[in-house]
Amino acid sequence: MNYGINIGIVGAGLGGMTAAVALQQRGFHNVTVFEQASQLGEIGAGITVGPNITLILAGLGLEDAAESFASATTTFGTNHYQTGERILFTERSIEQALATQGAVVRHLHRADLHKVLENAFNTEGNALRLNHTLKHIEQDAVDQEDGGVSLHFTNGATERCDVVIACDGLKSVVRDTLFDTQPPTFTGFLTWRGLVEADDVPGLDVVPHFAGYPSEGRMFARYPLRRFRQINWVANAYQPDATGEESWNDWTDVSEVLEHMGDYHPEVQRIIKASPGGRCLRWALHSRQPLDSWTAGRVVLLGDAAHPMTPFYGMGAGMAFEDAAVLARCFEADTGDWQAAFARYEKARLARANKFHVKSLERGKTYMSANPADRAKDPTDGMKREFTYNAMTVEI
Ligand SMILES: Cc1cc2nc3c(=O)[nH]c(=O)nc-3n(C[C@H](O)[C@H](O)[C@H](O)COP(=O)(O)OP(=O)(O)OC[C@H]3O[C@@H](n4cnc5c(N)ncnc54)[C@H](O)[C@@H]3O)c2cc1C
């Protein structure tokens, strides 16, 4: 099948690229991705690829490609932030993961995951336009014959599409232009992330593979990447009076992190100090209110543009992958009737994504609670069923 509808995707992040690949695989070959960056690829940091993402990668025929970068994560734990003692330890073999969740968890370098999608996208016919920063979007009425959407870019280009999928992230220009929405607000959480060479932290015990070290108002976690050659770390501190941006380009000195983690276990401090050049990335985590609808005429939101959530369930990208897989299935189910597909997509996705949106902020507060019993809770507590969602087969 080759559907003729001309679909524009704004943003080549994980959400936009997954949508682009999934649509092409379902017979939508008139898809163009517009990205502001001059080259694709994500910055140096890791990402939790939960079973929900693995199921989508498998459905797109990309699981082997993901596996070539990272083996399954099979041990997970919570350690005491000062003594390093195990508070919670879970071992889930590959067989157990397949039996209980349908798929394994992996931890991937974001650039590797992005590469998997990039390699799967057929860019023939100039289907990927880099250096295209969307400045303004306008559209014709939905019932206008030969109507469409005009995308105006800062490089002077204007492109016409039948419909647009907006995957332009937290600071979405599309959301700001077409939806009734407030600007992003600071959640009170600061996050720092670093990537260190495993050789620079000799003797590090990497079991459990994923280890969290929560304390009141703070949290540290680390997991291996690239088959244990690198260690990804992330630190959080609740600092409601702090200021700053949510950006993938904001670098800081690790001394800023150590100011907050000075009483943490020496192993934690050793990892942070091993960050190349003594530098790491810093975010002031921002969010927006959940929306009641992601559709405005011929335009639909996907991923962080629709539901920019805090990372405390490690589910932001997971939701973007799920949105993309489900939206492509909706386009196919409605044989390119975009109005029906948008309605079907919203019905299938909005409640679930908004649930994670709200719950992930609550989860951050529980994980960093003053009460040690809260901090020792299994991160999936109360949400277990939600982690077995399969976007490739769920009813739409
Ligand atoms: C510290 C931190 C840790 C996280 N950890 C995890 C994790 O472990 N697991 C997980 O599932 N999620 C995690 N997330 C969330 C995850 O990163 C996001 O939810 C995910 O990247 C969203 O993908 P997206 O494609 O919707 O948006 P983005 O990744 O933000 O991509 C948006 C794309 O649009 C482009 N763009 C933006 N504006 C324009 C414009 N005007 N014109 C053209 N292009 C534009 C951008 O350059 C970018 O390529 C984390 C987030 C943070 C901040």
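Preceding block: the structure.
What comes next concerns the included structure. Source: prediction; values computed, not measured.

## Quick word on the pattern of salt bridges
Point 1. Summed over the entire model, instances satisfying the criterion amount to 19 salt bridges.
Point 2. Between Asp112 and Arg226 there is a salt bridge whose closest N-O contact spans 2.8 Å. Here Arg226 lies in the loop between strand E15 (218–225) and strand E16 (230–238) and Asp112 lies in helix H5 (residues 110–120), a separation of 114 residues in the sequence.
Point 3. Here Arg226 falls in the partly exposed class, since its relative accessible area comes to 21%.
Point 4. With a closest N to O distance of 3.0 Å, Glu386 and Arg352 form a salt bridge. Residue Glu386 is found in the segment after helix H11 (372–375), and its partner Arg352 is found in helix H10 (residues 338–367); the two are separated by 34 residues along the sequence.
Point 5. On the accessibility criterion, Glu386 (15% relative accessible area) is buried.
Point 6. The exposure class assigned to Arg352 is buried, which follows from its relative accessible area of 8%.

## Some thoughts on unusual backbone geometry
Point 1. The step from Val207 to Pro208 runs through a cis peptide bond, and the omega angle for that step is 0°.
Point 2. By the element assignment, Pro208 lies in the loop between strand E13 (185–197) and strand E14 (210–215).
Point 3. With a phi close to 60°, Asp146 is a non-glycine residue in the positive phi region.
Point 4. Secondary-structure assignment places Asp146 in the loop between strand E9 (134–139) and strand E10 (149–153).

## Comments concerning the nonpolar core
Point 1. One finds Ile7, Ile9, Leu151, Ile165 and Phe331 to be the most contacted residues of the largest nonpolar core, which totals 81 residues.
Point 2. Per-element tally for this core: the top contributor is helix H9 (residues 316–333), with 10 residues.
Point 3. The residues contacting Leu151, other than those within four sequence positions of it, are Val10, Phe34, Leu134, His136, Ile137, Ala157, Thr158, Glu159, Cys161 and Val164.

## So, the site of the ligand
Point 1. Taken together, 32 residues are adjacent to the ligand, and Gly15, Glu35, Leu134, Arg193 and Asp304 come closest.
Point 2. A distance of 3.0 Å separates an oxygen atom of the ligand from a polar atom in the side chain of Gln36.
Point 3. Interatomic distance of 3.4 Å between a side-chain N/O atom of Arg193 and a nitrogen atom of the ligand.
Point 4. Isolated, the ligand exposes 1,000 Å² of accessible area, and the fraction of that covered by the protein chains is 89%.
Point 5. Elements represented by at least two residues in the shell around the ligand include exactly helix H1 (14–25), strand E3 (46–49), E13, strand E18 (279–287) and H9.
Point 6. Examining the composition of the shell around the ligand, we find that 3 residues originate from one element, H9, more than from any other.
Point 7. When the residues that make up the shell around the ligand are grouped by side-chain class, the tally is 13 nonpolar, 13 polar and 6 charged.

Definitions and limits used
Residues numbered from 1 in each chain as written. Predicted model: local features only at pLDDT ≥ 70, side-chain atom pairs only at ≥ 80, totals over all residues. Heavy atoms only, no water. Salt bridge = Lys/Arg side-chain N within 4 Å of Asp/Glu carboxyl O. Helix = DSSP H or I, 4+ residues; strand = E, 2+ residues; numbered from the N terminus. Buried < 20%, exposed > 50% of the residue type's maximum accessible area, 1.4 Å probe, protein only. Core = buried A, V, L, I, M, F, W, Y, C linked by side-chain atoms within 4.5 Å. Contact = heavy atoms within 4.5 Å. Near = heavy atom within 4 Å. Polar contact = N/O pair within 3.5 Å; in protein donor to acceptor, adjacent residues only side chain to side chain. Areas by Shrake-Rupley, 256 points an atom, 1.4 Å probe, with all protein chains shown as cover. Nonpolar A, V, L, I, M, F, W, Y, C, P; charged D, E, K, R; others polar.

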